[in-house]
Amino acid sequence: MPSVFETSPAAIPISFVTKSSWDQVVETLPAPQRAFATACAFAAKPGAYLALPAPDGAIAQVLFGLEEESARSRDLFRPGALPGLLPPGIYRFANAPHDVRLAALAFAMGRYRFARYRKADRPDVRLVPPEGVDAAEIERIADAAMLARDLINTPSNDMGPEELAAAAQALAAEFGASFACTIGTELEKNFPLIHAVGMASNRAPRLIDIGWGNPDHPKVTLVGKGVCFDTGGLDLKPSSGMLIMKKDMGGAANVLALARMVMDAKLNVRLRVLIPAVENAVAGNAFRPLDIFTSRKGITVEIGNTDAEGRLVLADALALADEEKPDLLIDLGTLTGAARVALGPDLPPFYTDDETLAADVARCAVQENDPLWRMPLWPPYDSWLDSKTATITNAPSGGFAGSIICALFLQRFVEQAKSWLHVDIYGWTPSAKPARTEGGECQAARAIYALLSERYA
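Residues numbered from 1 in each chain as written. Predicted model: local features only at pLDDT ≥ 70, side-chain atom pairs only at ≥ 80, totals over all residues. Heavy atoms only, no water.

Under an unreviewed UniProt entry, the name given to the protein chain is Leucyl aminopeptidase family protein, and the source organism is Bradyrhizobium symbiodeficiens.

It is worth spelling out the overall build of the protein chain at this point. What the protein chain contains, in helices and strands, is 14 helices and 19 strands. Relative to a compact globule of 457 residues, whose C-alpha radius of gyration would be 23 Å, the protein chain shows 24 Å and is just as compact. Structurally, the protein chain occupies a C-alpha span of about 80 × 45 × 45 Å along its principal axes. Residue burial in the protein chain is summarised as follows: out of 457 residues, 55% are buried. Here the contacts in the protein chain between residues at least 6 apart in sequence split such that 75% fall between residues at least 24 apart. When the accessible area of the protein chain is evaluated, it comes to approximately 18600 Å², of which 52% is carbon and sulfur surface. Each charge class in the protein chain can be summarised by its mean position, and for the 44 positive and 54 negative side chains these summaries are 2 Å apart. (Helix = DSSP H or I, 4+ residues; strand = E, 2+ residues; numbered from the N terminus. Rg over C-alpha atoms; globule rule 2.2 N^0.38 Å. Buried < 20%, exposed > 50% of the residue type's maximum accessible area, 1.4 Å probe, protein only. Contact = heavy atoms within 4.5 Å. Areas by Shrake-Rupley, 256 points an atom, 1.4 Å probe, with all protein chains shown as cover. Lys, Arg positive; Asp, Glu negative; His and termini not counted. Charge placed at Lys NZ, Arg CZ, Asp CG, Glu CD.)

Right, let's get into the sheet that holds strand S11 (residues 292-294). Reading across the sheet, the three strands line up as S11-S12-S16 and stay open at both edges, with mixed pairing between neighbours. Pairing within the sheet leaves two strands with one partner each, and these edge strands are S11 and strand S16 (392-393). Here S11 pairs with strand S12 (residues 300-302) via three bridges, running antiparallel. Paired with Thr294 across the two strands is Thr300, which belongs to S12. (Pairing = 2+ DSSP bridges.)

To continue, consider the packing of helix H9 (residues 250-265) against helix H14 (residues 445-456). At a minimum axis distance of 9 Å, the contact between H9 and H14 shows a crossing angle of 30°. The angle between H9 and H14 places the two elements in the roughly parallel class. With respect to the hand of their crossing, H9 and H14 are arranged in right-handed fashion. Each of Asn254, Leu258, Met261, Val262 and Ala265 in H9 lies in contact with H14, whose residues at this interface are Ala445, Arg446, Ile448, Tyr449 and Leu452. Its residues assigned to classes, the contact of H9 with H14 comprises eight nonpolar, one polar and one charged. (Axes fitted to C-alpha atoms, helices over the stretch in contact; angles between N-to-C directions. Parallel < 35°, antiparallel > 145°, perpendicular 65-115°, else oblique. Left-handed = near helix turned anticlockwise from the far one by under 90°. Nonpolar A, V, L, I, M, F, W, Y, C, P; charged D, E, K, R; others polar.)

The volume enclosed by the largest pocket comes to roughly 420 Å³. Lining the largest pocket are 26 residues, and of these Lys237, Met245, Leu335, Thr336 and Gly337 lie nearest its centre. Of all the elements in the fold, those that place two or more residues in the lining of the largest pocket are helix H8 (239-242), helix H10 (310-323) and helix H11 (337-343). Looking at side-chain class alone, the lining of the largest pocket contains nine nonpolar, seven polar and ten charged residues. Of the pockets and cavities examined, the second largest pocket occupies roughly 310 Å³. Along its surface, the second largest pocket is lined by 17 residues, and Arg311, Ala395, Pro396, Gly398 and Gly402 are the ones closest to its centre. (1 Å grid on protein atoms, 1.4 Å probe; cavity = no way out; pocket = protein on both sides within 12 Å on 5 of 7 lines; lining within 4 Å. Points joined across faces, edges and corners; volume = space filled by probe spheres on them.)

Next up on the list: empty space enclosed by the protein. All told, the structure shown has two cavities of 30 Å³ or more when counted by the stated rule. In terms of lining residues, the largest cavity is bounded by Met1, Pro2, Val4, Ala108, Arg111, Glu139, Ala142, Asp143 and Met146. Take the lining of the largest cavity: its biggest share by element is four residues, from helix H4 (residues 135-153). By residue class, the composition of the lining of the largest cavity is six nonpolar, no polar and three charged. If you add up the space inside the second largest cavity, you get close to 40 Å³.

The next point concerns the side chain of Glu441. Along the chain, Glu441 turns up in the loop between strand S19 (439-440) and H14. The buried category is assigned to Glu441, whose relative accessible area is 4%. Of note is the side chain of Glu441, whose polar atom sits 3.1 Å from the side chain of Arg149. Leave out the neighbours within four places in its chain, and Glu441 touches Arg149, Ile152, Asn254, Gly427, Trp428, Thr429 and Arg436. (Polar contact = N/O pair within 3.5 Å; in protein donor to acceptor, adjacent residues only side chain to side chain.)

Of note, the phi angle at Ala41 is positive, near 55°, even though the residue is not glycine. Residue position: Ala41 is located in the loop between helix H2 (31-39) and strand S2 (49-53). For Ala41, a relative accessible area of 61% puts it in the exposed group.

Time to look at the nonpolar core. Among the nonpolar cores identified, the biggest contains 90 residues, and Ile14, Leu164 and Leu271 are the most heavily contacted of them. When residues in this core are grouped by element, the largest group, ten residues, is from H9. When sequence neighbours within four positions are dropped, the list of residues in contact with Ile14 reads Val62, Phe64, Leu82, Leu86, Tyr91, Arg92, Phe93, Ala94, Asn95 and Phe107. Counting residues in hydrophobic clusters, the runner-up holds 42 residues, among them Leu187, Ile194, Ile303 and Leu408. (Core = buried A, V, L, I, M, F, W, Y, C linked by side-chain atoms within 4.5 Å.)

The subject of this paragraph is a nonpolar patch on the surface. Residues Leu234, Leu236 and Val282 make up a contiguous nonpolar surface patch of roughly 260 Å² in combined accessible area. Mapped onto the elements of the fold, Leu234 is located in the loop between strand S9 (226-230) and H8. Its relative accessible area of 38% is what places Leu234 among the partly exposed residues. (Patch = residues over 30% accessible without salt bridge, like charges linked within 9 Å, V, L, I, M, F, W, Y side chains within 5 Å. Salt bridge = Lys/Arg side-chain N within 4 Å of Asp/Glu carboxyl O.)

Below is the structure:
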């Protein structure tokens, strides 16, 4: 997509107003524009938009309503609605919204349209970079978010394990990173859980491995769940639960987006990206409830439910990542409905035993308007994973604490990393919001990138 930023002396000003500031603002308008605004009953409600005419019929300026500064429910991405409202042209912020940097990012992200299968009218609007805003950084983040959205929005017939690997390989090539893919008998031998989940599909499972950066720099490893479609396996999902399972590779999409930001910014890390890419299908050779597999780490895992497959593929990938003793190990996955029940689609839970990391993640999440909420790795629940016939089960009976149990399961495969962060994302926007179209979404990646930028710039 062409750059969102362009400098022009003729840029049309956008004036941000609130209900409380509107009475003062309207008095500063030329009389014809004041009359026009009054005739249109413009009241500066949040999201309200009005283009004021110049004497020659052109747009003199745009008015756009925001929440009050003191409002608890301010949407700092509210300006992201503008690209869908504005006529083609170049615009500038005439005054400061609540957060200028986030407003510029929202404007950039608000231009996104998924256009692979039908023509989409992408907004032909650009913005003069606001003073003090790093335009290159904004575009870096927006481009990565759009990559995640494109990958998630692509239906599974065109985004299977092989196609996901191709997308990862293209990203690696763009930034001069190494790329490797483990598949077939080598996968079965070295990553038994990944193979077990994907073996029923005619689309071969694989482990994607990207490496980038100076080996002497701190090791940061990203692991993303790449279940390209999830039927639930033999514990079959109902049709309603299967409808948007193309998004079950949202963890992979988001770690690729995060990797793109890191590599483009040239952060001082030795980056590794691991993506177990599978399709959880139904066939005569599908893995079954109460099957037992020996994981890469040597832990035997009893299958309590074939629909708890994401934690299985992540477990083998985390075990590999942990062997290198990374300074920071991060995994993202669309893992549990329990997380959605607890926190909804917009607020992914995160887990870590590192108190400094937890505080930094929470702060960066607020700073980037990329919401995250800490949940506990509650030790008393760890015994719930016990199995009578294996070391652990992937899905204990009972419906309590599902997201916590998943995190505790994954924790069993991380012992040597200096610090570990697990995020249970949704990867999907159920209904459109400013800067966030309905469909695949970039979640947690922006907040984590801000954290990495602080630590490794």
